[in-house]
Amino acid sequence: MKILIVGAGGREHALAWKLSQSPLVDELFIAPGNGGTVLEGTNVAIKDDDLPGIVALAQEKQVDLVVPGPELPLVLGLQNALEAHNIACFGPSAYAAQLEGSKAFSKTIMREAGVPTADFAVFDEFEDAKNYLERQTFPIVVKADGLAAGKGVVVAHTKEEALDALQSMMIDKAFGMAGKRVVIEEALVGEEASFLAFCDGEHCVPMTACQDHKAVGEGDTGPNTGGMGAYCPAPILPESEYAKTTDLVIKPILEALKKRGAPFQGILYAGLMMTADGPKVLEYNARFGDPECQPLLMRLESDLAEIMLACCQGRLHEVEVKWTPQTALCVVMAAKGYPGSYSKGMAISGIDTAEKLDGVKVFQAGTTVAEAGTVTSGGRVLGVTALGDNLADAKKQAYQAVDLVSFENGFYRRDIGDKGLAR
Ligand code: AMP
Ligand code: GLY
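All values derive from a computational prediction rather than experimental measurement. (Residues numbered from 1 in each chain as written. Chains lettered and ligands numbered in written order. Predicted model: local features only at pLDDT ≥ 70, side-chain atom pairs only at ≥ 80, totals over all residues. Heavy atoms only, no water.)

S.K.: So what exactly am I meant to see when it comes to the site of ligand 1 here?
M.R.: In the vicinity of ligand 1 lie 13 residues, with Lys143, Glu185, Leu188, Glu192 and Glu283 positioned nearest. In this structure, Lys143 approaches ligand 1 through a side-chain N or O atom, which is 2.9 Å from an oxygen atom. In the environment of ligand 1, a nitrogen atom lies 2.8 Å from a nitrogen or oxygen atom belonging to the backbone of Leu188. Burial of ligand 1 by the protein amounts to 88% of the accessible area it has alone, namely 470 Å². (Near = heavy atom within 4 Å. Polar contact = N/O pair within 3.5 Å; in protein donor to acceptor, adjacent residues only side chain to side chain. Areas by Shrake-Rupley, 256 points an atom, 1.4 Å probe, with all protein chains shown as cover.)

Put into structure tokens, the structure is as follows:
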């Protein structure tokens, strides 16, 4: 079969790497892809938000399955556009993708389905939101309703900070229409975990729990990023809790969406806060996490193409989803300045040498192939990922590999996995 992957990050390289190993896959296209995905298939220069371009490419290449990596094409309705042409898409409809595309939608459905989450209120008017703040205690969390590239959440420690956030989102339109509506919610305390599940609209199979590292600096300091590293399984949410967690945060959402006539198919990703009162959902994503995807797929022993097809066909319960008992850990190497501005075009060396180490794979994110070789083209450049018999081994192996890779002005966190090791 022919598969088209949509996206250009480390997650998409990991998807291409894993899918290219499937005996079911004859040909792989990636739109637009990066310097890593060209090693696994054919890159086509079409952007992830160009829905007509993606549909036309899928038709021209007679693709059997489209796999969107990021949320944007899903929220814009790629699944619906493909369905209209009888092309299978591993991912939810625009309606179901609102779980990620609208915080108000997601919080409302959580409340309706009885999923544990922070108390909240939704506002369309600045004055109403401002008056509400008068009656609250701080810290409190202000969230832009729509997609804001991971920047639409402010944990405000004082009323002034919360008002500033409201002003910037609702009046100054820092995130455009995404901040026209806001959610204000209770601040939760705890350690975060990512809990993802394959879903076919009705059935679901949870993956092993992951832990991401969102802050740019060691010890979780500095501004939030897309993620500076991740590992799985994460001991904060042990395997003995997976069934209970699935019942608590995955199944009720699948049931609620099915009841609304919009079954969720693809990956449902619950971002959890592990509070003293148990796990509470911070957010849902409608796709694999980046970088969580990289360590997850390193450990997946089953055929990913088979699982994805089964999800599209409502027969996930018929396939096996098997993981190696090892731990996988991914360290993101980024360009100095990220998540702010950074320079591009730096030559990258050492990827081949690093991959000679046992159990190491270097997933490329912000890279492109230039005449002189592979160069940087984004903020998150590489996801150096390693398998180990336990978390300590995986960490050691990943950092040994990181030591072999270099590009000018690169940086990375040295403490990926430490929260898990402290347990
Ligand atoms: P979200 O996009 O909703 O996951 O928010 C991004 C990040 O903001 C999360 O990963 C948390 O670190 C933080 N955050 C979001 N909601 C809350 C909350 N209710 N309490 C504390 N921190 C939060
Ligand atoms: N790593 C967090 C995310 O993909 O949303």
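This is not the end of the story, as more comes after the structure.
S.K.: Where do I start with the nonpolar core in this structure?
M.R.: Inside soluble globular proteins, nonpolar side chains tend to come together where they are buried. In terms of nonpolar packing, the biggest core is built from 57 residues, with Ile250, Tyr284 and Leu382 touching the most fellow members. For this core, the element with the most residues is helix H9 (residues 242-259), which contributes seven residues. Those residues within four positions of Ile250 in sequence are excluded, and the remaining contacts are Phe195, Ala197, Cys199, Cys204, Thr245, Leu268 and Ala270. If you look at the next biggest cluster of nonpolar residues, it comprises 41 residues, including Leu19, Val25, Tyr269 and Met308. (Core = buried A, V, L, I, M, F, W, Y, C linked by side-chain atoms within 4.5 Å. Buried < 20%, exposed > 50% of the residue type's maximum accessible area, 1.4 Å probe, protein only. Helix = DSSP H or I, 4+ residues; strand = E, 2+ residues; numbered from the N terminus. Contact = heavy atoms within 4.5 Å.)

S.K.: Please explain the site of ligand 2 as it appears in this structure.
M.R.: Taken together, Asp212, Gly226, Tyr269, Asn285, Arg287, Gly289, Asp290, Pro291 and Glu292 make up the full set of residues adjacent to ligand 2. For ligand 2, a nitrogen atom lies 3.0 Å from a polar atom in the backbone of Asp290. When ligand 2 is considered free in solution it has 200 Å² of accessible area, and contact with the protein chains removes 90% of it. Of the residues in the shell around ligand 2, the class split is two nonpolar, three polar and four charged. (Nonpolar A, V, L, I, M, F, W, Y, C, P; charged D, E, K, R; others polar.)

S.K.: Help me out: how do you make sense of the packing of helix H6 (residues 103-113) against H9 in this one?
M.R.: A packed helix pair is summarised by two numbers, namely the angle formed by the two axes and the spacing between the axes. In contact at an axis separation of 9 Å, H6 and H9 are set at 100 degrees when each is read in the N-to-C sense. Compared by their axis directions, H6 and H9 come out roughly perpendicular. Contacts between H6 and H9 pair Phe105, Ile109, Met110 and Ala113 from the former with Pro252, Ile253, Ala256 and Leu257 from the latter. Among the residues forming the contact of H6 with H9, the class breakdown is eight nonpolar, no polar and no charged. (Axes fitted to C-alpha atoms, helices over the stretch in contact; angles between N-to-C directions. Parallel < 35°, antiparallel > 145°, perpendicular 65-115°, else oblique.)

S.K.: Sorry, what's going on with the sheet that holds strand S10 (residues 191-200) here?
M.R.: Neighbouring strands of a sheet are bound in pairs by backbone hydrogen bonds; such pairs are parallel or else antiparallel. Taken in spatial order, the four strands line up as S11-S10-S16-S17 in an open sheet, and their pairing is antiparallel. Sheet topology places strand S11 (204-206) and strand S17 (278-285) at the edges, where each strand pairs with a single neighbour. Shown here is a sheet whose adjacent strand axes are inclined to one another by a mean of 30 degrees, direction ignored. Bridge count for S10 against S11 is three bridges, and the pairing is antiparallel. Within S11, the position partnered with Phe198 by the bridge is Val205. The strands touched by H9 within the sheet are S10, S11, strand S16 (265-275) and S17, with S10 carrying the most contacts at an inclination of about 60 degrees. (Pairing = 2+ DSSP bridges.)

S.K.: For this particular structure, what's the right way to read the pairing of strand S9 (residues 182-186)?
M.R.: For a regular strand, side-chain orientation follows a simple rule: the groups alternate between the two sheet faces. Most of S9 is tucked away: four of the five residues are buried. Pairing analysis gives five bridges linking strand S7 (residues 140-144) to S9, with the strands arranged antiparallel. By the bridge assignment, Ala144 is partnered in S9 with Val182.

S.K.: I would appreciate a short explanation of the pattern of salt bridges in the present structure.
M.R.: Opposite charge on two side chains makes pairing possible when the charged atoms of those side chains draw close. A complete count under the given rule lists 24 salt bridges for this structure. Note that Glu12 is salt-bridged to Arg11, the shortest N-O span being 2.8 Å. Taken individually, Glu12 and Arg11 each receive the classification buried, so the pair is uniform in this respect. The shortest N-O distance in the salt bridge between Arg380 and Asp290 comes to 3.9 Å. Here the residue Arg380 occupies a position in strand S22 (residues 380-388), and Asp290 occupies one in the loop between S17 and helix H10 (293-299), the gap between them amounting to 90 residues. With respect to class, Arg380 is no different from Asp290; both count as buried. Residues joined in a network through salt bridges with shared partners are Asp220, Arg413, Asp415 and Lys419. (Salt bridge = Lys/Arg side-chain N within 4 Å of Asp/Glu carboxyl O.)

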